[in-house]
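# A closer look at the structure
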Amino acid sequence: MLHTPHPPTPRPRARARRRLRAAALLASAVSVCLVAASAPPTPLGVGDRLFPQLGNPGYDVTAYDLSFTYSGSNGEPLKAVTVIDARTTADLDRLNLDFAHGKVDSVEVDGEPAAFTTAGEDLVVTPEDALDEGDRTRITVRHSSDPVYPEDRPGGWVRTADGLAMANQADVAHLVFPCNDHPSDKARFTFRITAPDGLTAVANGLPTRVDRTGGSTTWTYRTGHPMATELAQVSIGRSSVLHRAGPHGLPVRDVVPTKHRAALEPWLEKTPGQIAWMEEKVGRYPFETYGLLMADATTGFELETQTLSLFERELFTEPGYPKWYVESIMVHELAHQWFGNSVSPATWSDLWLNEGHATWYEALYAQETADKPMAARMKAAYGASDRWRTAGGPPAAPKPPKNGSKTGIFRSNVYDGAALVLYALRQEVGSAAFDRIERAWVARNQDGTATTADFVRLASETAGRDLGDFFQAWLYGERTPPMPGHPDWKQAPAAKAPAKAAAKASRKAHGG
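Residues numbered from 1 in each chain as written. Predicted model: local features only at pLDDT ≥ 70, side-chain atom pairs only at ≥ 80, totals over all residues. Heavy atoms only, no water.

## Focus: the overall build of the protein
Along the backbone of the protein there are 12 helices and 21 strands. Residues counted as buried form 58% of the 512 residues belonging to the protein. Just so you have it, the protein exposes about 20100 Å², and 54% of that area is on carbon and sulfur atoms. (Helix = DSSP H or I, 4+ residues; strand = E, 2+ residues; numbered from the N terminus. Buried < 20%, exposed > 50% of the residue type's maximum accessible area, 1.4 Å probe, protein only. Areas by Shrake-Rupley, 256 points an atom, 1.4 Å probe, with all protein chains shown as cover.)

Okay, here's the thing in structure tokens:
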């Protein structure tokens with residue numbers, strides 16, 4: 001049953017104040033108002049260098065409440081209601097939401113009907129009363145959410161063999177629901193998913209209630225920590241939800257196709273030990289739960305959706321993948337819960353902080369558990385690094401994606417190329433200082449966003465010396481600097497590039 005999750009929250013005193021102010025200023029401002037009213041709606045953005053029209057200025061989202069009603073067919077649009085609680089950071093006579101794939105039926109602002117139109121990939125909302133800076137407001141959008149996309153614009157819904165899952169990275173959450181679709185604006189999420197009996201729905205966070213009526217079930221989930229829109233996850237299908245205990249009693253919850261449960265269980269039981277391994281390296285797991293969503297779909301990637309990482313089921317059942325490789329990819333997505341999820345990039349140019357760290361711990365786990373030397377992988381990456389920089393840009397200044405491709409920024413330069421930067425840092429400052437930097441980074445920035453400059457400052461502070469020149473060369477240089485401690489490492493000729501294995505080790509990790 002589709003329903004409005006919360007009653008509207010009117011602000012009568014704020015409205016009265018605005019109307020009095022408007023009356024007092026009407027005579028002197030009428031010409032300005034006419035000009036403003038005639039200005040056409042335009043798509044906005046927060047000015048991200050790689051995705052300039054993602055996100056929107058003028059407000060900060062504090063919470064999303066998403067309701068989806070699934071018919072039972074993953075080829076049909078879902079009925080949806082998105083409720084956004086936000087605080088304005090400027091005076092607004094209208095506001096933009098990112099939303100580009102679905103039909104909008106109605107919009108309300110604080111319980112009152114609001115006008116709306118589209119501009120580019122924005123939904124432009126004009127409330128009855130302008131919003132003052134510092135106001136708390138609630139926007140309710142009733143819309144459809146369509147899991148079928150044109151070939152040139154793949155979306156956030158992933159159609160599985162028995163339902164749906166989500167993969168919103170980097171810039172397609174707004175094809176699923178209206179939002180401020182940029183990782184700099186994190187918020188708490190509530191999900192309400194209604195599906196026919198016989199199907200199971202799971203989302204980020206922990207379950208809070210289950211309601212069964214008239215042949216359908218509504219599951220409600222809520223996150224305990226803020227989350228970027230690109231990390232939202234909803235799974236609907238013929239699934240089994242498996243539970244086990246992780247370190248410190250952490251609830252570990254896995255979602256698997258019921259018919260593959262027995263084959264997948266040996267992999268799932270490895271997760272608590274992997275969490276314990278990561279905690280030894282960087283500190284306590286940062287969220288309320290963790291688990292794997294093993295989707296019956298071919299995506300070409302795995303994804304670190306917060307508290308419930310998305311994996312292709314075939315990664316675990318296809319005999320061609322070595323056991324050590326699969327386990328290292330599991331750790332890659334797990335490491336993202338600290339690096340990328342708890343500490344999110346302030347801009348998409350800071351992506352190397354996500355992927356470089358996840359690749360680092362992926363490789364370190366393979367070294368410690370499967371005798372796959374980190375140094376050998378990093379030497380191979382060094383040999384290819386100049387070519388990666390030419391093709392994709394330096395690690396902290398990646399080239400923009402081509403043709404708007406959401407996966408266009410996920411290149412080798414931000415995976416093994418960025419892990420190489422971390423290897424150079426450890427060589428430069430020593431392993432003890434490096435470990436302190438890693439722990440301090442996730443502790444200081446938990447539940448927040450951070451920039452490359454923040455990492456440079458923290459590393460310099462922790463190492464006790466200015467590392468600005470070191471990072472400038474490694475993160476922004478067109479050519480790869482000499483590797484500290486390894487003067488024999490050289491760039492390999494293109495025809496003899498030794499980085500094939502390193503590239504393969506990250507092939508399963510678009511954004512993940």
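After that view of the structure, there is still more to cover.
## Brief notes about helix H3 (residues 271-282)
An α-helix turns once every 3.6 residues. As a result, residues three or four positions apart point the same way. Here H3 contains 12 residues, and its C-alpha end-to-end distance of 16 Å stays within 8% of the 16 Å for a straight helix at 1.5 Å per residue. The first or second residue beyond H3 is Gly 283, which carries a positive phi of 110°. (Expected span 1.5 Å × (residues − 1).)

## Some words on the packing of aromatic side chains
This structure, assessed with the given rule, holds 26 aromatic pairs. Ring geometry for Phe 68 versus Trp 157: centroids 5.4 Å apart, planes at 80°, classification edge-to-face. On the criterion of sequence distance, the pair formed by Phe 68 in strand E1 (residues 59-69) and Trp 157 in strand E9 (residues 157-159) is long-range, its members being 89 residues apart. On the basis of relative accessibility, which here comes to 3%, the residue Trp 157 falls in the buried class. Both rings, one in Phe 189 and one in Phe 191, keep their centres 5.6 Å apart while their planes meet at 15°; by these two values the pair is stacked. Using a relative accessible area of 0% as the deciding quantity, one classes Phe 191 as buried. (Phe/Tyr/Trp six-rings, centres within 6.5 Å; stacked < 30°, edge-to-face > 60°.)

## A look at the sheet that holds strand E4 (residues 104-109)
If you walk across this open sheet you meet the eight strands as E5-E4-E8-E2-E1-E11-E14-E13, and the pairing is mixed. A single partner strand is all that each edge strand has here, and the edge strands are strand E5 (112-113) and strand E13 (206-213). Strand direction decides the pairing type here: E1 and strand E2 (residues 78-88), joined by 10 bridges, are antiparallel. Opposite Ser 67, over in E2, you have Val 81 as the bridge partner. (Pairing = 2+ DSSP bridges.)

## Some points on the environment of Gly 356
Residue placement: Gly 356 occurs in helix H6 (residues 351-370). Beyond its immediate stretch of four places on either side in the chain, Gly 356 contacts Val 414, Tyr 415, Ala 418, Ala 419 and Leu 422. (Contact = heavy atoms within 4.5 Å.)

## A short note on the environment of Asp 469
The residue Asp 469 is located in helix H11 (residues 468-476) in this model. By relative accessible area, which is 69% here, Asp 469 ends up exposed. It is 9.9 Å that separates the C-alpha atoms of Asp 469 and Val 456, two residues lying 13 residues apart in sequence.

## Describing the sheet that holds strand E6 (residues 115-119)
Within the open sheet, the three strands sit side by side as E3-E7-E6. Their pairing is antiparallel. The sheet is open, and its two edges are formed by strand E3 (95-98) and E6, each paired on a single side. The mean inter-strand angle of the sheet, taken between neighbouring strand axes irrespective of direction, is 30°. In the sheet, E6 pairs with strand E7 (residues 122-126) via five bridges, with the strands oriented antiparallel. Bridge assignment links Ala 115 to a residue of E7, and that residue is Thr 126. (Axes fitted to C-alpha atoms, helices over the stretch in contact; angles between N-to-C directions.)

## Structural notes on the nonpolar core
The biggest cluster of nonpolar side chains holds 70 residues, and the ones touching the most others in it are Phe 316 and Phe 471. Ranked by residues supplied to this core, first place goes to helix H8 (residues 416-429) with nine residues. The residues contacting Phe 471, other than those within four sequence positions of it, are Val 421, Leu 425, Phe 455, Val 456, Ala 459 and Tyr 476. Counting 61 residues, the second largest nonpolar core, distinct from the first, contains Val 109, Val 172, Ala 173 and Ile 193. (Core = buried A, V, L, I, M, F, W, Y, C linked by side-chain atoms within 4.5 Å.)

## So, helix H10 (residues 452-463)
Between its first and last C-alpha, H10 extends 16 Å over 12 residues, near the 16 Å set by a 1.5 Å rise per residue. Every buried residue of H10 is accounted for by Thr 452, Phe 455, Val 456, Leu 458, Ala 459 and Ser 460. On the buried face of H10, the contacting elements are H6, H8, helix H9 (431-444) and H11. Where H10 begins, one side-chain oxygen reaches toward the backbone nitrogen of Ala 453, 3.4 Å away; that side chain belongs to Thr 451. Following H10 by one or two positions, Gly 464 adopts a phi angle in the positive range, close to 80°. (Polar contact = N/O pair within 3.5 Å; in protein donor to acceptor, adjacent residues only side chain to side chain.)

## Observations regarding the pattern of salt bridges
Going through the model one piece at a time under the given rule, you end up with 17 salt bridges. Between Lys 323 and Glu 327 there is a salt bridge, and its shortest N-O distance comes to 2.6 Å. Of the two residues, Lys 323 and Glu 327 are both situated in helix H5 (residues 323-336); the distance of four residues between them amounts to about one turn of the helix. Asp 386 is the partner of Arg 479 in a salt bridge, and the nearest nitrogen-oxygen pair spans 3.2 Å. One end of the pair, Arg 479, is in the loop between H11 and helix H12 (500-505); the other, Asp 386, is in helix H7 (residues 374-392), with 93 residues separating them in the sequence. The exposure class of Arg 479 is exposed, given its relative accessible area of 62%. On the basis of relative accessibility, which here comes to 10%, the residue Asp 386 falls in the buried class. Among the charged side chains, a network of salt bridges with common partners joins Arg 244, Asp 254 and Glu 265. (Salt bridge = Lys/Arg side-chain N within 4 Å of Asp/Glu carboxyl O.)

## As for the packing of H5 against H6
At a minimum axis distance of 8 Å, the contact between H5 and H6 shows a crossing angle of 140°. Of the possible angle classes, the one that applies to H5 and H6 is oblique. Our pair here, H5 against H6, has a crossing hand that is right-handed. For the pair H5 and H6, the contacting residues are Trp 324, Glu 327, Ser 328, Ile 329, Val 331, His 332, Ala 335 and His 336 in the first and Asn 354, Glu 355, Ala 358, Thr 359, Tyr 361, Glu 362, Tyr 365, Ala 366 and Ala 370 in the second. When the residues that make up the contact of H5 with H6 are grouped by side-chain class, the tally is nine nonpolar, five polar and three charged. (Parallel < 35°, antiparallel > 145°, perpendicular 65-115°, else oblique. Left-handed = near helix turned anticlockwise from the far one by under 90°. Nonpolar A, V, L, I, M, F, W, Y, C, P; charged D, E, K, R; others polar.)

## Points about unusual backbone geometry
Gln 169 connects to Ala 170 through a cis peptide bond whose omega is 0°. As for its placement among the helices and strands, Ala 170 is situated in the loop between strand E10 (164-166) and strand E11 (188-196). Within the chain, Asp 371 stands out as a residue other than glycine whose phi angle is a positive 55°. By secondary structure assignment, the location of Asp 371 is in the loop between H6 and H7. By relative accessible area, which is 66% here, Asp 371 ends up exposed.

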